[in-house]
Amino acid sequence: MLAEKVEQLMEWSSRRSVIRMNGDKFRRFVKAPPRNYSVIVMFTALQPQRQCSVCRQANEEYQVLANSWRYSSAFSNKLFFTVVDYDEGADVFQQLNMNSAPTFMHFPPKGKPKRADTFDLQRIGFAAEQLAKWIADRTDVQIRVFRPPNYSGTIALALLVSLVGGLLYLRRNNLEFIYNKTGWGMAALCVVFAMTSGQMWNHIRGPPYAHKNPQNGQVSYIHGSSQAQFVAESHIILLLTTDAAITMGMVLLNEAATSKGDVGKRRSMFYLNTHLHLKDLLYH
């Protein structure tokens, strides 16, 4: 019976890296002994009517990880990737008392899953690299993640370089703006605020944009833990923070004091700076 189960799983894996399972398949191949292999199960809700955008994002990373394992030289019958969709296996969700999706679980070859066999998605995120580390801790199977090539970044960089190059060419007879200290200062501030806004953490950890409770449909934009965050949080903080406005006001005040330009323009810069500081006082 064990040999038949392994043979069937290997056949399914040869067709698709992630094996789709309903309630009957889950109970036979994942829950029921004998079993000498580990199974990673993603419990999800991918149907459009569920409106689970996080599920779709997590599924993409899960597919990357499963493909990396399926087409690696270390691929064996010791580890299989499966998925149980709520609309195909609602009884499995009820059996495991599961009320949220997506959820990743590891079912070991022997015994029942322990607490560490449930992936801490809320704290770590669902990036394929993070899932691979968790699987290595639970199964000793090392998976090197291979991502399909993405040329969007290269194209964007080429367009940016072309745009800057074209601007410099058009202004080749008047390049005094390159030596504008205020312009360079503003550019540096933009970089600083971008690095401190939480976007770097989002890029490294790959958290979901928000979380939608599949039971009541309530969407959470603020993470309940201090150890993690949603992408939406960084956007909200970016809109509410006044640090950038204060710094902008100080730059304008300095310009108004040191500039020798039009008096009306300098007065407008002073009034704008005062407005930004009053906004900060009202905010606090």
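All values derive from a computational prediction rather than experimental measurement.

Here we look at the UniProt feature "transmembrane region" (unreviewed entry) in the protein chain
- Taken from the UniProt record, the annotation "transmembrane region" (unreviewed entry) applies to residues 151–170, 182–201 and 236–257.
- For residues 151–170, the end-to-end C-alpha separation is 28 Å, with 95% helix and 0% strand making up the annotated structure.

Looking at the packing of helix H1 (residues 2–15) against helix H2 (residues 23–31)
- Relative orientation of the contacting elements H1 and H2 amounts to 120°, with a least axis distance of 10 Å. In terms of orientation, H1 and H2 fall into the oblique class. Note that H1 runs across H2; the crossing there is left-handed. Contact with H1, carried on its side by Lys5, Gln8, Leu9 and Trp12, involves Lys25, Arg28 and Phe29 of H2 and no other residues of that element.
- Counted by class, the contact of H1 with H2 contains three nonpolar, one polar and three charged residues.

Comments concerning the state of the cysteines
- Across all of its chains, the model carries one disulfide by this definition.
- The disulfide partner of Cys52 is Cys55, and the gap between their sulfur atoms is 2.1 Å. Because the sign of the S-S torsion sets the handedness, a value of about 70° for the bond joining Cys52 and Cys55 places this disulfide among the right-handed ones. A single burial state applies to Cys52 and to Cys55, both of which are buried.

Focus: the pairing of strand S4 (residues 103–107)
- With five of five residues buried, S4 lies mostly within the body of the structure.
- Burial of the side chains of S4 extends over both faces: Thr103, Met105 and Phe107 are buried on one face and Phe104 and His106 on the other.
- Pairing of strand S2 (residues 38–44) with S4 involves five bridges; the strand directions are antiparallel. Of the residues in S4, the one forming a bridge with Val39 is Phe107.

Points about the pattern of salt bridges
- What the rule picks out here adds up to nine salt bridges.
- A salt bridge links Asp24 to Arg27; the shortest N-O distance between them is 3.2 Å. With Asp24 and Arg27 both in helix H2, this residue pair falls three residues apart, about one helical turn.
- Between Arg147 and Glu129 there is a salt bridge, with the nearest N and O atoms lying 2.9 Å from each other. Of this pair, Arg147 sits in the loop between helix H6 (128–139) and helix H7 (152–170) while Glu129 sits in helix H6, and the two are 18 residues apart along the sequence.
- The exposure class of Arg147 is partly exposed, given its relative accessible area of 41%.
- Through salt bridges with shared partners, one network takes in Asp24, Arg27 and Asp91.

Let's talk about the packing of aromatic side chains
- Applying the stated criterion to the full structure yields 11 aromatic pairs.
- Pairing Tyr86 with Phe93 gives two aromatic rings, centres 5.1 Å apart and planes at 80°, and the pair type is edge-to-face.
- Here the aromatic cluster, defined as three or more aromatic residues joined through ring pairs, consists of Phe26, Phe43, Tyr86, Phe93 and Phe107.
- It is Lys25 that lies over the ring of Trp12; its NZ or CZ is 4.7 Å from the centre.
- When the ring centre of Tyr71 is taken as reference, the NZ or CZ atom of Arg70 above it lies at 5.3 Å.

Description of the packing of helix H3 (residues 53–70) against H6
- Their axes nearest at 9 Å, the elements H3 and H6 cross at an angle of 55°. With respect to H6, the element H3 is oriented oblique. In this structure, the crossing between H3 and H6 has a hand that is right-handed. Of H6, the residues touching H3 (which contributes Glu61, Val64 and Leu65) are Ala128, Leu131, Ala132 and Ile135.

What counts, and where the lines are drawn
- Residues numbered from 1 in each chain as written.
- Predicted model: local features only at pLDDT ≥ 70, side-chain atom pairs only at ≥ 80, totals over all residues.
- Heavy atoms only, no water.
- UniProt positions renumbered as here; feature names shortened; annotations may be inferred.
- Helix = DSSP H or I, 4+ residues; strand = E, 2+ residues; numbered from the N terminus.
- Axes fitted to C-alpha atoms, helices over the stretch in contact; angles between N-to-C directions.
- Parallel < 35°, antiparallel > 145°, perpendicular 65-115°, else oblique.
- Left-handed = near helix turned anticlockwise from the far one by under 90°.
- Contact = heavy atoms within 4.5 Å.
- Nonpolar A, V, L, I, M, F, W, Y, C, P; charged D, E, K, R; others polar.
- Disulfide = S-S within 2.5 Å.
- Buried < 20%, exposed > 50% of the residue type's maximum accessible area, 1.4 Å probe, protein only.
- Pairing = 2+ DSSP bridges.
- Salt bridge = Lys/Arg side-chain N within 4 Å of Asp/Glu carboxyl O.
- Phe/Tyr/Trp six-rings, centres within 6.5 Å; stacked < 30°, edge-to-face > 60°.
- Lys NZ or Arg CZ within 6 Å of the ring centre and 35° of its normal.

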